[in-house]
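Below are the chains, spelled out letter by letter.
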Amino acid sequence: MPLFRKSSPISLAAALTLVTGMAVTGLLFVAVSALEYGKMELGFQQRAQVRAAAIRRGLDDTLELVTILNDLYTSFGSVSREQFADFTRPLLLRYPFVQTFNFHRVLTDEQARAYEAMVRQGFPGYRMHDAGNRPMAPRRQHVIVDYLEPLDGNEAAFGLDVMSLPMAATVSQAAAAGTTLATPLMRLVQERGNQKGFVLLKPVYRPGAQTATAEQRRAAWIGNTGAVIRSTDLIHKILQGAELLDDHELVLRVYIGDDVRPDNLIFSQGQAPEQTAAAKPLQRWFAFDYHDIYTSTFSAAGKSWHVLVAPLPRPFLSSHLGSLSTLIGGLLFSMLTAAFVNSLARRSLRVQRLVDERTHALQLSNERLNEDVAARKRTEEALQESEHRFRRLLALSSDWYWEQDRDFRFTNISGGFFDKGMQDPADFLGKTRWQHHQEMRESRWGQDHIAQLQAHQPFYNLEYMLSGTDGRPHWFSTSGEPVFDRDGKFCGYQGTGTEITERKLSEQRIHHIAHHDVLTGLPNRVLLQDRLMQAAAFANRSGIPLWVMLIDLDRFKFVNDSLGHKAGDLLLKTVAQRLQDSVRESDTVARLSGDEFVAILTEYPDEALSLDVTQRIMRAVAQPVLLEGKEFFVTCSIGVAVYDPDGTPAQRLIEHADIAMYRAKKLGRNNTQFYQPAMNEEALERVRIETALRSALERDEFVLHYQPQVDLASGLVVGMEALIRWQHPELGMVAPHRFIGLAEETGLIVPIGAWVLKTACAQAKAWQDAGHGPLRIAVNLSPRQFGEPKLLGAITEVLEQTGLPPSCLDIELTEGLFMHDVALAVELLHKLKALGLALSIDDFGTGYSSFSYLRKFPIDVLKIDRSFVSDIAEGGEAAIVVSIIALAHNLKLRVIAEGVESAEQLDYLRRNGCDEIQGYYFSQPLPAGDFEQLLIEGRNLRTMPAAA
């Protein structure tokens with residue numbers, strides 16, 4: 001009997017589904033909201049930091065204006081009013097926030113009256129005055145606005161005594177400190193608007209006063225160079241130049257002074273959040289937004305600058321659309337799912353009632369079904385056969401199904417073959433597979449497949465290619481099995497197939513990637529070896545020579561370090577294309593590694609290989625390359641190994657070409673060298689020296705020689721340069737040029753340099769203790785040592801262990817050592833200088849010298865390279881030597897000339913003001929014992945015999 005049960009409006013399963021969905025929705029809403037708030041916070045912090053950094057950089061550039069104007073007086077001493085106007089006119093056009101450039105002249109009360117009368121001759125009606133245009137009060141010292149550009153519109157400040165203004169204290173502080181200072185905010189005399197301004201001041205002294213004490217500087221103070229800055233216009237110009245004025249979602253405030261208060265406000269952008277909320281209450285209700293405030297404080301020109309950035313509130317929907325969509329969508333989905341589950345539960349109850357009713361009816365018809373048992377058995381056999389076919393087809397399931405008759409002609413192909421494979425049904429139905437695909441009868445795989453069909457054997461995953469109606473090749477995979485009737489008679493084939501074009505294309509791409517360089521598309525090492533073996537085999541068969549060229553770019557590391565790896569990758573791709581265009585299609589160009597390429601060139605009977613090939617490649621590589629808007633010229637060094645069919649094994653060719661390329665690099669780069677057996681001996685010698693070098697320090701094989709440095713004024717030895725020598729037990733005395741470069745490449749220069757520094761300092765201290773005076777010891781610092789992060793600590797430790805005063809240690813640096821990252825080099829040099837050391841630039845003039853760098857670097861000594869000194873007698877380099885001496889003295893640096901070998905060179909250097917010399921004329925580098933004997937004998941320039 002059916003059971004009838006009363007059901008509730010909503011089932012338990014539906015209620016659980018609804019509660020679970022709402023809980024998950026709540027969790028997702030909270031998570032997405034957190035992500036949205038995090039995104040808003042990160043975006044705000046980034047935008048605020050960009051503005052603070054832009055303002056700080058702009059202030060640094062503004063301070064440089066006063067320094068540039070001050071350098072005019074430092075360089076020329078006396079500057080006329082016309083020179084001042086010509087110099088400042090372009091600066092006014094470029095920096096519109098500058099109200100005026102001026103020069104304040106320091107005068108006593110008596111000098112002021114006389115000077116007023118003199119200026120009045122050129123400017124009738126001119127008079128000196130105090131603030132408020134009051135008559136100038138008597139003072140011990142007046143600071144008068146003398147030069148003023150532009151004068152038009154600023155006449156009120158002409159002749160003003162700034163000591164009558166609130167900025168008088170700042171003027172005095174700047175004169176004592178010798179640096180650029182900013183005055184407090186004030187309303188400018190010549191300002192017509194409401195904005196405040198300030199004055200940047202830098203004192204001008206008489207020559208030689210920069211290194212004096214504060215009192216001495218005040219005594220040598222002759223005036224100030226200054227720039228009157230409109231503060232609001234300055235910040236506006238900085239932000240406008242950085243394109244940072246178009247963000248209307250931020251509030252920006254800039255203050256100058258010790259604290260943040262309205263009187264110190266100089267720039268304001270955007271309306272404060274509280275004002276917005278007051279104007280729009282409804283918007284405030286929905287603006288659940290990020291409200292943090294970013295503050296950046298830094299010092300410039302003696303003042304504290306405060307940059308405050310706050311975000312404006314935004315509507316909730318504009319920033320939280322994702323979380324709101326998640327909440328609404330999740331609630332709707334939960335309710336719909338609960339409704340669906342509830343409908344399923346109610347349907348299940350209805351089905352249960354229907355089953356109960358039908359069960360009774362089935363019991364009544366059971367007797368009739370027994371009569372059909374025999375018919376059901378026959379039907380079952382047919383179903384089993386159908387099920388067997390279905391299971392076999394299911395195992396072979398794919399994109400389509402096909403059938404063939406006993407003659408292997410297609411009788412049925414489902415539509416997937418024609419749709420996916422882009423084939424015409426007329427080409428297949430009623431025909432065999434090989435009638436359309438003629439290559440099967442001619443190929444080995446096709447003949448094997450036909451034989452397999454004729455043997456009535458199943459086949460699996462037969463892959464073949466056909467051209468489609470779209471004109472493109474299509475790949476297919478098919479499987480089939482023979483069909484027999486009940487008597488075992490063959491009826492044909494049935495099977496399935498699938499289109500595998502994408503898989504085949506992927507396999508081809510993988511094969512290409514495995515054998516080609518990803519960046520340039522050139523063959524890689526794997527394919528290069530295969531091509532080389534093929535080319536060598538051809539050369540062996542034909543007896544025709546084969547060239548293997550190893551091409552290495554010169555100074556590629558400089559491009560990577562200065563412009564980054566993106567520019568380096570672009571350069572490599574450009575060079576790869578040029579190399580391919582420079583050779584024949586039958587030749588191979590491969591990328592070996594980094595900036596190294598290999599070219600395999602085969603000679604033909606009608607086209608012999610010659611040096612024209614290498615010249616063509618070098619010219620193609622040397623063409624300019626445009627990287628980040630700048631033209632770069634990159635050359636290459638080429639090593640060539642010639643393959644003789646009866647000579648060197650093919651696998652050694654690349655190694656020989658590499659040896660020849662290294663020889664080309666050693667000869668100055670940008671040239672071609674052919675491999676010679678002697679080069680291999682040189683390479684082996686290099687390996688031998690490198691192996692011995694690694695144990696030389698442990699075996700105590702290094703010694704130091706010392707070359708005296710002589711003061712030209714007194715003729716006495718005032719210092720010495722420590723020079724390393726290698727006393728090898730088998731190789732003898734190894735010259736530095738044979739192992740220093742190798743030590744630099746392998747990194748061994750770091751422990752070797754540390755040994756040199758410690759040994760030299762200990763020897764200098766021993767000579768001091770022996771009563772030879774405070775001699776300076778000069779030690780060279782290699783590029784690897786300069787880049788070591790523990791350099792400062794190592795030098796400090798050596799000075800502490802040896803007891804040598806830091807003032808007696810002179811660190812010598814080459815010019816190119818710190819030109820790649822000037823800012824980092826300046827910071828490190830200042831730290832070295834803080835230890836009390838002296839710093840020298842060695843071989844000055846032979847590298848990438850920049851006079852602006854010399855002004856930034858805390859250098860004490862310039863060493864003139866011996867290449868300039870050697871040509872003084874002929875006059876070829878005399879002008880350069882004089883210029884270097886003058887430049888060094890203007891920068892308050894000592895000058896040491898290296899390589900002085902004659903009395904004529906010595907006399908010329910002495911006449912032109914050189915401070916010290918070193919060279920074979922006085923003494924060659926000496927072992928420690930010989931050098932000490934020189935000190936004991938008191939040898940000097942005056943005791944030497946006069947030149948003939």
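Residues numbered from 1 in each chain as written. Predicted model: local features only at pLDDT ≥ 70, side-chain atom pairs only at ≥ 80, totals over all residues. Heavy atoms only, no water.

**Brief notes about the overall build of the chain**
Here is step 1 of the chain: When its secondary structure is counted, the chain shows 32 helices and 33 strands.
Here is step 2 of the chain: Taking all 948 residues of the chain together, the buried fraction comes to 44%.
Here is step 3 of the chain: The long-range fraction of contacts in the chain, counting pairs at least 24 apart against all pairs at least 6 apart in sequence, stands at 65%.
Here is step 4 of the chain: About 50,500 Å² of surface is accessible on the chain, with carbon and sulfur atoms providing 55% of the total. (Helix = DSSP H or I, 4+ residues; strand = E, 2+ residues; numbered from the N terminus. Buried < 20%, exposed > 50% of the residue type's maximum accessible area, 1.4 Å probe, protein only. Contact = heavy atoms within 4.5 Å. Areas by Shrake-Rupley, 256 points an atom, 1.4 Å probe, with all protein chains shown as cover.)

**Looking at the side chain of N102**
Here is step 1 of the chain: Looking at the element boundaries, N102 is found in strand 1 (residues 98-107).
Here is step 2 of the chain: Non-local contacts of N102, meaning those with residues more than four positions away in its chain, are made with L69, F84, V145, Y147, L148, N224, T225, G226, A227 and V228.

**Comments concerning the sheet that holds strand 18 (residues 588-593)**
As a general point, the strands of a sheet are linked pairwise by backbone hydrogen bonds and lie either parallel or antiparallel.
Here is step 1 of the chain: Overall, mixed pairing links the five strands, which are arranged 18-19-17-22-23 in an open sheet. With partners counted over all chains shown, the strands left at the sheet margins are strand 18 and strand 23 (672-674), one partner each. Geometrically, the sheet is characterised by an average inter-axis angle of 20° between neighbouring strands, direction not taken into account.
Here is step 2 of the chain: Most of the contacts of helix 19 (residues 565-582) go to strand 19 (residues 596-602), to which it runs at about 10°, and overall it touches strand 17 (546-553), strand 18 and strand 19.
Here is step 3 of the chain: Across the sheet, helix 21 (residues 653-666) is in contact with strand 17, strand 18, strand 19, strand 22 (636-643) and strand 23; its angle to strand 22 comes to roughly 145°. (Pairing = 2+ DSSP bridges. Axes fitted to C-alpha atoms, helices over the stretch in contact; angles between N-to-C directions.)

**Side note on the sheet that holds strand 12 (residues 400-404)**
Here is step 1 of the chain: Read from one edge to the other, the open sheet built from five strands follows the order 13-12-16-15-14, with strand pairing classed as antiparallel. What marks the edges here is a single partner per strand, and that holds for strand 13 (410-413) and strand 14 (459-467). Recorded for the sheet is a direction-independent mean angle of 25° between the axes of neighbouring strands.
Here is step 2 of the chain: The sheet contact formed by strand 12 and strand 16 (residues 490-499) spans five bridges and is antiparallel. Looking at strand 16, one finds that Y401 is bridged to T496.
Here is step 3 of the chain: With respect to the sheet, helix 15 (residues 444-454) is in contact with strand 14 and strand 16, its orientation differing from that of strand 14 by roughly 135°.

**A short note on the pairing of strand 1**
Here is step 1 of the chain: The buried fraction of strand 1 amounts to nine of the 10 residues, a majority that puts the element mostly inside the structure.
Here is step 2 of the chain: When strand 1 meets strand 7 (residues 221-230), the two strands line up antiparallel, connected through seven bridges. For R105, the partnering residue across the bridge sits in strand 7 and is G223.

**Observations concerning the nonpolar core**
Here is step 1 of the chain: Ranked by internal contacts, the top residues of the largest apolar core, which has 80 residues, are W726, I777, L809, L909 and I917.
Here is step 2 of the chain: With eight residues, helix 24 (residues 749-769) is the largest single contributor of residues to this core.
Here is step 3 of the chain: In this structure L909 touches L712, I872, V881, A897, V900, C914 and I917, once residues within four positions along its chain are discounted.
Here is step 4 of the chain: Grouped together as the second largest cluster of nonpolar side chains are 46 residues, I55, F84, L92 and F103 included. (Core = buried A, V, L, I, M, F, W, Y, C linked by side-chain atoms within 4.5 Å.)

**Some details on the packing of aromatic side chains**
Here is step 1 of the chain: In total, this model carries 27 aromatic pairs according to the counting rule given.
Here is step 2 of the chain: Sitting over the face of the ring of Y147, R105 holds its NZ or CZ atom 5.6 Å from the ring centroid.
Here is step 3 of the chain: A cation over a ring is seen here: R433 above W402, with NZ or CZ 5.4 Å from the ring centre. (Phe/Tyr/Trp six-rings, centres within 6.5 Å; stacked < 30°, edge-to-face > 60°. Lys NZ or Arg CZ within 6 Å of the ring centre and 35° of its normal.)

**Here we look at the environment of E149**
Here is step 1 of the chain: Structurally, E149 is set in strand 4 (residues 142-149).
Here is step 2 of the chain: E149 sits in the buried class, given a relative accessible area of 19%.
Here is step 3 of the chain: Separated by 62 residues in sequence, E149 and F87 have C-alpha atoms that sit 9.9 Å apart.

**Details of the pattern of salt bridges**
Here is step 1 of the chain: The full count for this structure, using the stated rule, is 25 salt bridges.
Here is step 2 of the chain: A salt bridge links R409 to D407; its shortest N-O distance comes to 3.3 Å.
Here is step 3 of the chain: Given the relative accessible area of 41%, D407 is considered partly exposed.
Here is step 4 of the chain: Salt-bridge contacts for E812 lead to K863; the nearest nitrogen and oxygen are separated by 2.7 Å. With E812 in strand 28 (residues 809-814) and K863 in strand 30 (residues 861-864), this residue pair connects regions lying 51 residues apart in the sequence. The exposure classification of E812 matches that of K863, with both residues buried. (Salt bridge = Lys/Arg side-chain N within 4 Å of Asp/Glu carboxyl O.)

**Overview of empty space enclosed by the protein**
Here is step 1 of the chain: Following the criterion strictly, the structure yields seven cavities of 30 Å³ or more and no others.
Here is step 2 of the chain: Of the voids in this model, the largest cavity is the one considered here, and its volume is about 80 Å³.
Here is step 3 of the chain: Lining the largest cavity are W400, W402, F410, I413, F417, F428, R433, Y464, F476, S477, T478 and G497.
Here is step 4 of the chain: Put simply, the parts of the chain that give the lining of the largest cavity at least two residues each are strand 12, strand 13 and strand 15 (473-484).
Here is step 5 of the chain: The class makeup of the residues in the lining of the largest cavity is eight nonpolar, three polar and one charged. (1 Å grid on protein atoms, 1.4 Å probe; cavity = no way out; pocket = protein on both sides within 12 Å on 5 of 7 lines; lining within 4 Å. Points joined across faces, edges and corners; volume = space filled by probe spheres on them. Nonpolar A, V, L, I, M, F, W, Y, C, P; charged D, E, K, R; others polar.)

**Brief notes about a nonpolar patch on the surface**
Here is step 1 of the chain: Taken together, the side chains of M22, I328, L331, L332 and M335 present a nonpolar region at the surface, about 440 Å² in accessible area.
Here is step 2 of the chain: The biggest single contributor to the nonpolar patch is helix 10 (residues 321-370), with four residues.
Here is step 3 of the chain: Relative to the elements of secondary structure, M335 occurs in helix 10.
Here is step 4 of the chain: Overall, the relative accessible area of 46% leaves M335 in the partly exposed class. (Patch = residues over 30% accessible without salt bridge, like charges linked within 9 Å, V, L, I, M, F, W, Y side chains within 5 Å.)

**Comments concerning the confidence of the model for the chain**
Here is step 1 of the chain: On average, residues of the chain score 82 in pLDDT, and 89% of them reach the 70 mark or higher.
Here is step 2 of the chain: Counting contacts from residues 1-5, a segment whose pLDDT is below 50, to residues more than four positions away or on other chains yields seven contacts.
Here is step 3 of the chain: Contacts from residues 274-287, a stretch scored under 50 in pLDDT, to residues over four places away or in other chains number 11 contacts. (pLDDT = per-residue confidence, 0-100.)

**Some remarks on the side chain of T88**
Here is step 1 of the chain: With respect to the element layout, T88 can be found in helix 2 (residues 81-94).
Here is step 2 of the chain: Here the side chain of T88 touches A85 through a polar contact of 3.4 Å, landing on its backbone oxygen. (Polar contact = N/O pair within 3.5 Å; in protein donor to acceptor, adjacent residues only side chain to side chain.)

**Concerning the packing of helix 1 (residues 12-76) against helix 2**
Here is step 1 of the chain: Between helix 1 and helix 2, the shortest axis-to-axis distance is 11 Å and the interhelical angle comes to 160°. On the basis of the axis angle, helix 1 is roughly antiparallel to helix 2. Two packed elements cross with a definite hand, and for helix 1 against helix 2 that hand is right-handed. The residues of helix 2 that touch helix 1, namely those facing L65, I68, L69, L72 and Y73, are F84, F87, T88 and L91.
Here is step 2 of the chain: Across the contact of helix 1 with helix 2, the residue classes tally to eight nonpolar, one polar and no charged. (Parallel < 35°, antiparallel > 145°, perpendicular 65-115°, else oblique. Left-handed = near helix turned anticlockwise from the far one by under 90°.)

**Focus on the packing of helix 19 against helix 20 (residues 611-621)**
Helix-helix packing is characterised by the crossing angle of the two axes and by the distance between the axes.
Here is step 1 of the chain: Here helix 19 crosses helix 20 at 150°, and the two axes come no closer than 9 Å. Regarding the angle of helix 19 to helix 20, the classification is roughly antiparallel. Crossing of helix 19 over helix 20 shows right-handed handedness. Where helix 19 abuts helix 20, its residues V575, R578, L579 and S582 lie against R616, I617, A620 and V621.

**With respect to unusual backbone geometry**
Here is step 1 of the chain: E149 connects to P150 through a cis peptide bond whose omega is 0°.
Here is step 2 of the chain: Tracing the backbone shows P150 in the loop between strand 4 and helix 4 (168-177).
Here is step 3 of the chain: Positive phi, normally seen in glycine, also occurs at N670, with a value near 55°.
Here is step 4 of the chain: Counting through the fold element by element, N670 comes out in the loop between helix 21 and strand 23.
Here is step 5 of the chain: Exposure remark for N670: the relative accessible area of 41% places this residue in the partly exposed category.
Here is step 6 of the chain: Phi is positive for D700, which is not a glycine, with a value near 60°.
Here is step 7 of the chain: Structurally, D700 is set in the loop between helix 22 (677-696) and strand 24 (702-711).
Here is step 8 of the chain: Given the relative accessible area of 56%, D700 is considered exposed.

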